[in-house]
Amino acid sequence: MKGLNRRQFLAASVMAALSGAAAKVAAAAGGGVGANNKSLPWRNWSGGVVGYPEGRLAPSSEAQLADFLASTSGAIRPVGSGHSFTPLVPTDGHIVVLDKLTGLLSHDSERLRATFAAGTRLADMGAPLKQIGQGMFNLPDIDRQTLAGACATATHGTGIEFKSLSGYITSLRLITPQGEQLDLDAQSSPELFRAAIVSLGALGVITRIEMQNRDPYRLKQRSWVEKTEVILGQFDQLAASHRHFEIIPLTHSDYSLVLATDETDEPINNPPASPEEDAAFGAAMRGWMTLPPEQRRPQINALAQFIGPSERVDESHKILSSVRANRFNEMEYSLPKEAGAACLQEILATIADQKLDVVFPLEYRYVARDDSMLSMSSGHEDHVALSVHRVASEDYRPYFDVIEPIFWKYGGRPHWGKIHKLGAEQLTELYPDFARFQQIRQDIDPRGRMLNDHLRTLFVGGS
Ligand SMILES: Cc1cc2nc3c(=O)[nH]c(=O)nc-3n(C[C@H](O)[C@H](O)[C@H](O)COP(=O)(O)OP(=O)(O)OC[C@H]3O[C@@H](n4cnc5c(N)ncnc54)[C@H](O)[C@@H]3O)c2cc1C
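All of the points below concern the structure found in this document.

### Examining the site of the ligand
Part 1 of the argument: In the neighbourhood of the ligand, 35 residues make up the surrounding shell, with Pro 78, His 83, Ser 84, Gly 149 and Thr 153 lying closest.
Part 2 of the argument: For the ligand, a nitrogen atom lies 2.8 Å from a polar atom in the backbone of His 156.
Part 3 of the argument: Between the ligand and the protein, one listed contact pairs an oxygen atom with a side-chain N or O atom of His 415 at 2.8 Å.
Part 4 of the argument: Breaking the shell around the ligand down by element, the ones donating at least two residues are β4 (76-79), α5 (147-152) and β10 (205-212).
Part 5 of the argument: With four residues, α5 is the single largest residue contributor to the shell around the ligand.
Part 6 of the argument: Partitioned by chemical class, the residues of the shell around the ligand number 15 nonpolar, 15 polar and five charged.

As structure tokens, then:
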């Protein structure tokens, strides 16, 4: 079996889990977090979070948005493309959608910076940037998120030299809960800027973002399969010698899919995924599901060794992000880099020891430190981002409930957009600037119109 890439690998895992597992009733099926029946529902991408807003506002200008905020007092939540797994968006008040505030607004060819309207999807940035001789430093696994939504949760890609997307913001425009327009950058308003670049929509609505870019470039991605123990032993060295390096460890197996990505001048060679390969791999994975988890290891190991290496070359934005057609829920924690390998090994051992019926692989990647107040990678050390997934039709709670305390044990910080149980008290311990952010939030939104129940748990606590 040759040429299996990350997209095929993950798609096959999900398909296997979907068809092999009994369809357990998930939160999504019954309505999900925040369900009631007052008005037209809003749902997130995975279907696990539901809200019933009183109204939806899609402003066609920043002035219209500012007027609305200045002339009303009810609850507001900005929404991007709904790709967060946590209930960041649901509200009884209005949701604000920036679908009409999109596209490239201006650029600086000398400094390689570009300003986009905040509702622009990441997928719609690569082509216009290339036309003006720029390219983004990095992208997350998928590119369906809006620029503002992705930055608001410190969404990141992989690479020891690359910060979360928010780390490349050079200036932004924030419309406060009172409708005041603030143009922020690190020079003129250093503290508020550090708070606003990752702010979960708690400080107001961001309407435009200027990013630091570089010249356009092409990437070559190679993937292969290796024993997890072996690759963890070489991880630091490989992460330092490749532009991007990550592993996708298989559950109930000794193996991981390995991905190494580097700049290249080679011609584009990125053929579409082979349906036959997908089908063959998916069928093999479905075979595992008929076995009890504790009997799967020999089969999965045999299949893993059968997967050949593959390569593809394309424009950077076409290699860094891919499409995830099958829905899932995810929990991801960011840990000090030195703690990553032990945490991953404990999670894999726990899945095996407790015979957890999980097919979906994990994801393990490095992210560079930054200095925003609430980025999961802020501080003095680089971080590892480690995630576990469950297909959306299954109840993720029993699995995530077992795994989450392992993340806590290693000092993990939860991804703001991914499922976790932490509140203000624990978060204050994890972030040196958390109390300062709470104070800034209180000052900018004293009546708490940007809060919902989830944000109250995060920023107010005790309720
Ligand atoms: C399939 C999939 C793959 C993913 N891969 C990755 C990955 O590789 N790396 C990673 O780090 N994360 C990843 N994520 C998580 C995802 O990137 C984040 O949850 C991201 O925040 C979602 O962006 P969104 O545009 O959908 O925003 P939403 O989920 O709609 O909103 C997220 C937050 O942004 C706020 N917000 C939105 N618009 C504005 C605005 N204009 N002004 C102020 N606040 C605003 C919202 O209020 C909310 O708090 C993935 C998620 C999915 C579903």
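Text resumes after the structure shown.
### Section: the sheet that holds strand β5 (residues 94-97)
Hydrogen bonds between backbone groups are what pair the strands of a sheet, and the pairing can be parallel or antiparallel.
Part 1 of the argument: One open sheet holds the three strands; their spatial order is β3-β5-β4, and the pairing between them is parallel. The strands lining the two open edges of the sheet, one partner per strand, are β3 (55-57) and β4. Strand-to-strand, the axes of this sheet are offset by a mean angle of 25 degrees, without reference to chain direction.

### Describing the packing of aromatic side chains
Part 1 of the argument: With the rule as written, the count across this model stands at 17 aromatic pairs.
Part 2 of the argument: With a centroid separation of 5.7 Å and an interplanar angle of 25 degrees, the aromatic rings of Phe 434 and Phe 459 are classed as stacked. Of this pair, Phe 434 sits in helix α14 (residues 434-444) while Phe 459 sits in helix α15 (residues 453-459), placing them 25 residues apart in sequence. The pair formed by Phe 434 and Phe 459 is uniform in burial state, with each residue classed as buried.
Part 3 of the argument: An aromatic cluster of three or more residues is present, and its members are Trp 416, Tyr 431, Phe 434, Phe 437 and Phe 459.
Part 4 of the argument: The ring of Tyr 168 has Lys 163 lying over it, and the distance from NZ or CZ to the ring centre is 5.2 Å.
Part 5 of the argument: When the ring centre of Tyr 431 is taken as reference, the NZ or CZ atom of Arg 413 above it lies at 4.3 Å.

Each value, and the rule that gives it
Residues numbered from 1 in each chain as written. Predicted model: local features only at pLDDT ≥ 70, side-chain atom pairs only at ≥ 80, totals over all residues. Heavy atoms only, no water. Near = heavy atom within 4 Å. Polar contact = N/O pair within 3.5 Å; in protein donor to acceptor, adjacent residues only side chain to side chain. Helix = DSSP H or I, 4+ residues; strand = E, 2+ residues; numbered from the N terminus. Nonpolar A, V, L, I, M, F, W, Y, C, P; charged D, E, K, R; others polar. Pairing = 2+ DSSP bridges. Axes fitted to C-alpha atoms, helices over the stretch in contact; angles between N-to-C directions. Phe/Tyr/Trp six-rings, centres within 6.5 Å; stacked < 30°, edge-to-face > 60°. Buried < 20%, exposed > 50% of the residue type's maximum accessible area, 1.4 Å probe, protein only. Lys NZ or Arg CZ within 6 Å of the ring centre and 35° of its normal.

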